[in-house]
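# Commentary on secondary and tertiary structure
The primary structure of each chain is shown beneath.
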Amino acid sequence: MNTTVQKHLTLENVHVNYQTRSGNVQAVRGVTLDLLAGESLALIGESGSGKTTLGLSIVKLLVDTATVEPGRITYRREDQEIDVLALRGNQLREFRWRDCAMVFQSALNAFNPVLRVWEQALDTAQSHGWHDRQAVRERFLELLRYVQLDPNRVINAYPLLLEPTILILDEPTTALDILTQRTIIDLLRQIKNEKNITMIFISHDLAIAAELANRVATMYAGRVVELGGVEDIFYRPRHPYTMGLIRAVPTVLGGFEELFSIPGSPPDLINLPSGCPFHPRCSFATSKCQIEEPPLIQITPSQAAACWHWQDVEIELQNKPLRVRK
Amino acid sequence: MAPILELKNINKYFGSSKERVTAVNSLELRIEQGEIVCLVGESGCGKSTTGRMVVGLLPPSDGQILFEGQDIAQMNRADYQAYRRAVQIIHQDPYASLNPTQPIQQMLTTPLLRHKKASTQRSAEKRAAELLEIVDLTPVSDFMNKYPHQLSGGQRQRVSVARALTVEPKFIVADEAVSMVDVSIRVSLLNMLARLKSEFDVTFLFITHDLALAKYFAWNGRIVVMYLGRIVEEGPTQRVITDPRHPYTQALLAAVPEADPDLARRKKQIELRSAEIPSLLNLPAGCTFHPRCPYAVPGQCDRLVPALDAIAEGGSVACPIRKYESIELLAA
């Protein structure tokens, strides 16, 4: 057994800016992140935190007004290192479905309504150079059996058609009914376990992270402000924003909970606050936070937080623990 | 004393006689003054249709709606107008429900003057400022002259609430009122609504698909669970959440994703017999949940519509088979 964890995808200092009429929107600001083979990473954060932009930059599907500069994204296919941002034409097509596929938020709209599901699958396979009609058919039938022909789940079968090694899912259960959400979550868990696909979940819904992720990255104002194992993030967060999010969200079966909002509003991405962009909403903020933006500080081997006052968060949580049960 | 609101055997049909959708079916609901009632269920269960009938935006196809003991269909003009003022609704989408060409102040002073809650422009402005303070849009002077596009989603929803408060309502229907608001600020909106209940004795009908929000908001109130137009279970929130009896309520609670890894792991699965939701155009006979229900008894559940029977632990359950049976939703 190979015990060294393979870095499947590496983001280094990735910046994404959108040019708009009102100014330059700094959607992603210097994200450095390793995605390990076989893991599932959840990106959490509110609207405008940069999580969807980050996902789109990995599959190079950003709109024309966006620029990725500076930044480097490296994908490893066996022993080969691929510079994702430099991919063009056929190489990019191949990367997009075979190596890395993305499922979008309103997946039903991603279907061509006038093509039958089988035609859609064949079209996709053929455009990726897979011309053996019979083989495509067998593969697609296998996937349909896998998703048990549930229309809500068929959508999730397509990205698997060409057996990608990385699957990015943007709000996979948002706007679905509860029982449908459950079938999707169970299906994704099954795919994760059986097919060993590396997954990135993008969701504002903390429950998706709690249900499906091994690791969680909290994003705020375009940066990863905390990164840790799922239990670190939910029970021992060290960034005030992560703590705030968890204190703001109720569970269903967790009994009575005292909840707290985060004061203020999400930041203006054109005119970010000085220093740490969370400081205007943060109860731990000091004058240092207004001046200097904290780097991601490694706190334990599994957890890092971008906060000058992470130790104060730790003390606060010792006095007022988060949802510790058992 | 009569309940503040009573729905008696309400049906609501949509469509033509050929293709008739039964959105709400034989609904019976009593809400007492000062109660917080959460109506929960999946899309198509009839919860929003019910909310719209309660505020008078939709007439029921048949049945009676009583407000403070009076049938709203039989009210004289003055009483009907008083009822329409007393029952206000807050919609889901604060981007669509506010007039984009009006500054906030005008949005509040217009109904104040129109409904004679203020006699002069000056007193209307003073009252508008008080209302903004109540909904925590402070300092008030920062907001008075702003337009909706200058506000965040959460702030807009606060304006919607302030606008509903201009006519001093006794009853507020909140239809997915916080669903579109960022998670970090949802709780402050819910807490603000809860304060209206304690300070102004407003009765709430809170409509949501989100069971976690329902639990939080109605912790000391009542949850009513709807499925395909009917109430399948209702009762004190804490009883319904900890000891659900209807197989549909149990399935929902078991299925809902939890924002807590430990709870997510410990949740027991409930396998339904079918994942498919029946069409409202062609509802199953008997109990509408029977084609999916793991406990369905052939010959009974597919023939008889179950009555909503009271149970000793509080509330009532529309399932003669399972109403006395508790189940564990979490593994130890």
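Right above here is the structure, for reference.
Presented here is a report on the structure given in the accompanying data block.

Parameters and conventions
- Residues numbered from 1 in each chain as written.
- Chains lettered and ligands numbered in written order.
- Predicted model: local features only at pLDDT ≥ 70, side-chain atom pairs only at ≥ 80, totals over all residues.
- Heavy atoms only, no water.
- Contact = heavy atoms within 4.5 Å.
- Buried area = accessible area lost by both parts, 1.4 Å probe.
- Salt bridge = Lys/Arg side-chain N within 4 Å of Asp/Glu carboxyl O.
- Polar contact = N/O pair within 3.5 Å; in protein donor to acceptor, adjacent residues only side chain to side chain.
- Helix = DSSP H or I, 4+ residues; strand = E, 2+ residues; numbered from the N terminus.
- Pairing = 2+ DSSP bridges.
- Axes fitted to C-alpha atoms, helices over the stretch in contact; angles between N-to-C directions.
- Buried < 20%, exposed > 50% of the residue type's maximum accessible area, 1.4 Å probe, protein only.
- Phe/Tyr/Trp six-rings, centres within 6.5 Å; stacked < 30°, edge-to-face > 60°.
- Core = buried A, V, L, I, M, F, W, Y, C linked by side-chain atoms within 4.5 Å.
- Parallel < 35°, antiparallel > 145°, perpendicular 65-115°, else oblique.

Tallying the contact residues gives 41 residues for chain A and 43 residues for chain B. Summing both partners gives a buried area of about 3700 Å² for chain A against chain B, and 60% of it is carried by carbon and sulfur. At the junction of chain A with chain B, the criterion picks out two salt bridges. Here A:Glu257 makes a salt bridge to B:Lys215, at a shortest N to O gap of 2.8 Å. Summed over the shared surface of chain A and chain B, the result is 20 residue pairs in polar contact (both at pLDDT 80 or more). Among the elements of the structure, helix H6 (178-195), helix H7 (206-212), helix H8 (230-235) and helix H9 (240-248) of chain A are those that each provide at least two residues to the side of chain A that touches chain B. Counting residues per element, the side of chain A that touches chain B draws most heavily on H6(A), which supplies six residues.

Turning our eyes to something else, we now look at the sheet that holds strand E4 (residues 62-67) of chain B. Residue and element names in this part refer to chain B. Read from one edge to the other, the open sheet built from four strands follows the order E2-E1-E4-E5, with strand pairing classed as antiparallel. A single partner strand is all that each edge strand has here, and the edge strands are strand E2 (20-31) and strand E5 (70-71). In terms of strand pairing, strand E1 (residues 5-15) meets E4 through five bridges, oriented antiparallel. Each bridged residue has a counterpart across the sheet, and for Glu6 the counterpart in E4 is Leu66. Sitting on the sheet, helix H1 (residues 47-54) touches E1, E2 and E4, and the angle it makes with E1 is about 120°.

Turning our attention to the pattern of salt bridges. All told, the structure shown has 36 salt bridges over all chains when counted by the stated rule. In this structure, the salt-bridge partner of B:Lys323 is B:Asp309, at a minimum N-O distance of 2.8 Å. Taken together, the residues B:Lys323 in the segment after strand E12 (316-317) and B:Asp309 in strand E11 (residues 309-310) connect sequence positions 14 residues apart. According to the relative accessible area criterion, B:Lys323 is buried, its value standing at 11%. Three or more residues joined by partner-sharing salt bridges are found here, namely A:Arg182, A:Asp186, A:Arg189 and A:Glu211.

Residue and element names in this part refer to chain B. Counting buried positions along H1 gives six out of eight residues, so the element sits mostly inside the fold. Among the residues of H1, those classed as buried are Lys47, Thr49, Thr50, Gly51, Met53 and Val54. At the C-terminal side of H1, Gly56 shows a positive phi close to 85°.

Before going further, it helps to examine the sheet that holds strand E8 (residues 166-170) of chain A. The strands that make up a sheet pair up through hydrogen bonds in the backbone, lying either parallel or antiparallel. Residue and element names in this part refer to chain A. Taken in spatial order, the eight strands of this open sheet run E7-E8-E9-E3-E10-E11-E13-E12, and their pairing is mixed. Both outer strands of the open sheet, strand E7 (100-103) and strand E12 (297-300), are each paired with one neighbouring strand and no more. Across the sheet, the mean angle separating the axes of adjacent strands is 20° when strand polarity is ignored. Sheet topology note: the strand E11 (residues 223-229)/strand E13 (residues 303-305) ladder contains two bridges and is antiparallel. The residue bridging Leu227 from the neighbouring strand is Ala304, located in E13. Its contacts with the sheet put H6 on strand E3 (40-44), E8 and strand E9 (198-203), and the angle it makes with E9 is roughly 155°. Docked against the sheet, H9 engages E3, strand E10 (215-220) and E11, running at close to 105° with respect to E10.

Moving on: the packing of aromatic side chains. Residue and element names in this part refer to chain A. The final tally for this structure, using the stated rule, is twelve aromatic pairs over all chains. With a centroid separation of 5.1 Å and 80° between ring planes, the pair formed by Tyr220 and Phe278 is classed as edge-to-face. Separated by 58 residues along the polypeptide, Tyr220 in strand E10 and Phe278 in the loop between H9 and helix H10 (287-291) bring together distant segments of the chain. We classify Phe278 as buried; its relative accessible area is 3%. Ring plane angle 65° and centroid distance 5.3 Å describe the contact between Tyr241 and Phe278, whose orientation is recorded as edge-to-face. Taken as a pair, Tyr241 in helix H9 and Phe278 in the loop between H9 and H10 lie far apart in primary sequence, 37 residues in all. Exposure remark for Tyr241: the relative accessible area of 0% places this residue in the buried category.

Residues and elements named next belong to chain B. Tracing the sequence through the fold places Ala218 in the loop between helix H8 (211-217) and strand E9 (222-227). Relative accessible area serves as the criterion here: at 0%, Ala218 is assigned to the buried category. In this structure, the C-alpha to C-alpha distance between Ala218 and Pro278, residues 60 residues apart in sequence, is 29 Å.

A:Ile168 and A:Phe234 are the most contacted members of the largest nonpolar core, which totals 93 residues. Beyond its immediate stretch of four places on either side in the chain, A:Ile168 contacts A:Gly55, A:Ile58, A:Val59, A:Cys100, A:Ala101, A:Met102, A:Val103, A:Ile200 and A:Ile202. Among the nonpolar cores identified, the runner-up in size contains 74 residues, and B:Ile36, B:Leu108, B:Val135 and B:Val178 belong to it.

This part is about the pairing of E4(B). Residues and elements named next belong to chain B. The sheet contact formed by E4 and E5 spans two bridges and is antiparallel. Directly across from Leu66, in E5, lies its bridge partner Asp71. Where E4 folds back on E5, the antiparallel hairpin that results is connected by two residues, among which Glu68 adopts a positive phi of roughly 50°.

Residue and element names in this part refer to chain A. In contact at an axis separation of 10 Å, H9 and helix H11 (residues 310-319) are set at 30° when each is read in the N-to-C sense. In terms of axis orientation, H9 runs roughly parallel to H11. Judged by residue contacts, Pro240, Met243 and Arg247 of H9 engage Val313, Glu316 and Leu317 from H11.

With that settled, consider the pairing of strand E8 (residues 203-208) of chain B. All names here are of chain B. Within E8, six of the six residues are buried, which leaves the element mostly enclosed by the surrounding structure. Burial of E8 is two-sided: the residues Thr203, Leu205 and Ile207 facing one way and the residues Phe204, Phe206 and Thr208 facing the other way are all buried. Two strands pair when backbone bridges link them, and strand E3 (residues 36-40) and E8 are joined in this way by five bridges, in the parallel orientation. Its bridge partner lying in E8, Val37 is registered against Leu205.

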